[in-house]
Amino acid sequence: MKIEAFTVENVPLIKERDDIASIICNNADIMDNDIIVIASTIVAKAEGRMFRPEDIKAGEEALRIAAEHNADPGFIQAVLDRSREVLADFPILLVETKNGHVCIKAGIDGSNVEKGYLVDLPEDPDASAATIGKAIEDISGKKVSVVVTDTNGRAFKIGQTGIAVGLYRIHPVKNWIGKKDLFGKNLEITEEAVADEIAGAANLLMGEGDGGYPIVIIRGIGMRCDEDASVKEMYRPDREDLIKKGLRCLRQNR
Ligand code: GDP
Ligand code: MN
Ligand code: MN
């Protein structure tokens, strides 16, 4: 078996209203079943989601958290504005975004964006992935999947990795339950987080710094599915989430 992963060359610094689908099609020969992996940073930039923290007026909670973190109060207010729940506020500011993604500081990021500016995640990353995916299909005439990624930490481990935050025509989880192992035993719980694995693989080529490679094409794993795919398929329901329950307990007992 073999998988190919390669960068799209000649991607410019992305500005508001840039057409990412055209940039991809102008600089790569797309094939059927390609998985186009795109860093959320450039999706958000094209959607105009850059802002200056000093333009945001911080409320009481933001001022308190900002003081603890020695952070810009406008930045913290922006995080709170994009969150439906704060799961921890110190020593990490861990939130669930309005979109259901649990991450540090709502994914708001100051790297690879102009000095003085921050960049948000896309507001609805599945919708962004679908818009770009359909445009690529229109231009190229090929059938593709899209994964929009961000860099996130993991609980228990040092080091960040690429993860999926938005999807078009690829289910995020592959279910192995009911399949057999090498010895004929039934697999009972294994679900493979394929979208995060693809994001991690692509992130190896993107890197995190000044590489200038926000788009990677993964070829050789056909996972294209119906249009109903959503990143939310992999968000564990609240009632089954032991870690969230534990974090809520900690906050109540502070
Ligand atoms: P994130 O993981 O979505 O937060 O994005 P990163 O900031 O880690 O950037 C991922 C890759 O995209 C790195 O190779 C960056 O150099 C690159 N990158 C970020 N913004 C741009 C841009 O506007 N143009 C180009 N060409 N590369 C960018
Ligand atoms: Mn990021
Ligand atoms: Mn990154």
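The residue count restarts for each chain, going from 1 along the sequence in the order it is written. Labels are handed out in written order, letters beginning with A for the chains and numbers beginning with 1 for the ligands. The predicted origin of the model limits local features to residues at a pLDDT of at least 70 and limits the giving and counting of side-chain atom pairs to 80 or more, whereas totals for whole chains, interfaces and linings rest on all residues. Hydrogens are left out, water is left out, and the side-chain values use all remaining heavy atoms of the structure.

Segments assigned H or I by DSSP are reported as helices when at least four residues long, segments assigned E as strands when at least two residues long, and all are numbered from the N terminus. Expected helix span is given by 1.5 Å per residue-to-residue step, counting one fewer step than there are residues. Taking 1.5 Å of rise per residue, 16 residues should cover 22 Å, and helix 5 (residues 125-140) covers 22 Å from first to last C-alpha, within 8% of that figure. Relative accessibility thresholds used throughout: buried, under 20% of the residue-type maximum; exposed, over 50%; partly exposed, between the two (1.4 Å probe, protein chains only). Within helix 5, burial applies to Pro125, Asp126, Ser128, Ala129, Ala130, Ile132, Gly133, Ile136 and Glu137. Packing partners of the buried residues in helix 5 comprise helix 1 (20-27), strand 2 (35-39), helix 2 (40-46), strand 8 (145-154) and strand 9 (157-168). Looking one or two residues past helix 5, Gly141 carries a phi angle of roughly 75°, positive in sign. The criterion used for residue contact is that any of the two residues' heavy atoms lie within 4.5 Å.

Within the fold, Ser128 resides in helix 5. Aside from chain neighbours lying at most four places away, what touches Ser128 is Val43, Glu47 and Pro122.

This part takes up the sheet that holds strand 12 (residues 215-219). If you trace the five strands from one edge of the open sheet to the other, you get 1-12-2-8-9, paired in mixed fashion. Taken across any chain shown, the strands that pair with only one partner, and hence form the sheet edges, are strand 1 (4-7) and strand 9. Adjacent strand axes in the sheet meet at a mean angle of 30°, parallel and antiparallel pairs treated alike. Note on pairing: two strands pair once DSSP finds at least 2 bridges between them. Where strand 1 meets strand 12, four bridges bridge the pair, whose relative direction is antiparallel. Think of each axis as a best-fit line through the C-alpha atoms, taken over the contacting stretch in the case of a helix, with angles from 0 to 180 degrees between the N-to-C directions.

Another point: the layout of surface pockets. Over the atoms, a rolling probe the size of a water molecule traces out where space has been left empty. Put plainly, a pocket is an open set of points on a 1 Å grid over the protein atoms alone with protein on both sides within 12 Å along at least five of seven lines, a cavity is a set where a 1.4 Å probe fits but cannot get out, and a lining residue has an atom within 4 Å of a point. Grid points are joined across faces, edges and corners, and a volume is the space filled by probe spheres set on the points. Quantified by volume, the second largest pocket comes out at close to 240 Å³. Forming the boundary of the second largest pocket are 14 residues, of which Arg82, Thr97, Asn99, Pro122 and Glu123 lie nearest the centre. A per-class count over the lining of the second largest pocket returns six nonpolar, three polar and five charged. The classification used treats Ala, Val, Leu, Ile, Met, Phe, Trp, Tyr, Cys and Pro as nonpolar, Asp, Glu, Lys and Arg as charged, and all other residues, Gly among them, as polar.

Its location among the elements puts Lys115 in the loop between strand 6 (102-104) and strand 7 (118-119). In this structure Lys115 comes out as exposed when scored by relative accessible area, which is 83%. Taking the C-alpha atoms as reference points, Lys115 and Arg52, 63 residues apart in sequence, are found 9.4 Å from one another.

What follows deals with the sheet that holds strand 5 (residues 94-97). Pairing is antiparallel across the open sheet formed by three strands, whose spatial order is 4-5-6. Sheet topology places strand 4 (83-88) and strand 6 at the edges, where each strand pairs with a single neighbour. With strand direction ignored, the average angle separating the axes of adjacent strands in the sheet is 35°. Bridge analysis of strand 4 against strand 5 gives four bridges, and the strand direction is antiparallel. By the bridge assignment for strand 5, Ser83 is matched with Thr97. The strands touched by helix 7 (residues 242-252) are strand 4, strand 5 and strand 6; relative to strand 4, the strand with the most contacts, the crossing angle is about 75°.

Time to look at the coordination of the manganese ion (ligand 2). Donor atoms are limited to N, O and S found within 2.8 Å of the metal ion, a distance that becomes 3.2 Å for Na, K and Ca. With water left out, some sites might look partial. For the manganese ion (ligand 2), every protein donor is listed as Asp109 (OD) and Asp150 (OD), and the spread of their distances is 2.2 to 2.7 Å. The metal-metal distance between the manganese ion (ligand 2) and the manganese ion (ligand 3) is 5.1 Å. Here Asp150 lies in strand 8 and Asp109 lies in the loop between strand 6 and strand 7, a separation of 41 residues in the sequence. You can call Asp150 buried: its relative accessible area is 10%.

As for its placement among the helices and strands, Asp89 is situated in the loop between strand 4 and strand 5. For Asp89, a relative accessible area of 3% puts it in the buried group. In this structure, the C-alpha to C-alpha distance between Asp89 and Ala21, residues 68 residues apart in sequence, is 37 Å. Excluding its chain neighbours within four sequence positions, the residues that come into contact with Asp89 are Arg64, Ile65, Glu68, His69, Arg251 and Arg254. A 3.5 Å cut-off defines polar contacts: any pair of N or O atoms within that distance qualifies, except that in protein one atom must be a possible hydrogen donor and the other a possible acceptor, and neighbouring residues in sequence count only when both atoms are side-chain atoms. Looking at Asp89, its side chain comes within polar contact range of the side chain of Arg64, at 3.3 Å.

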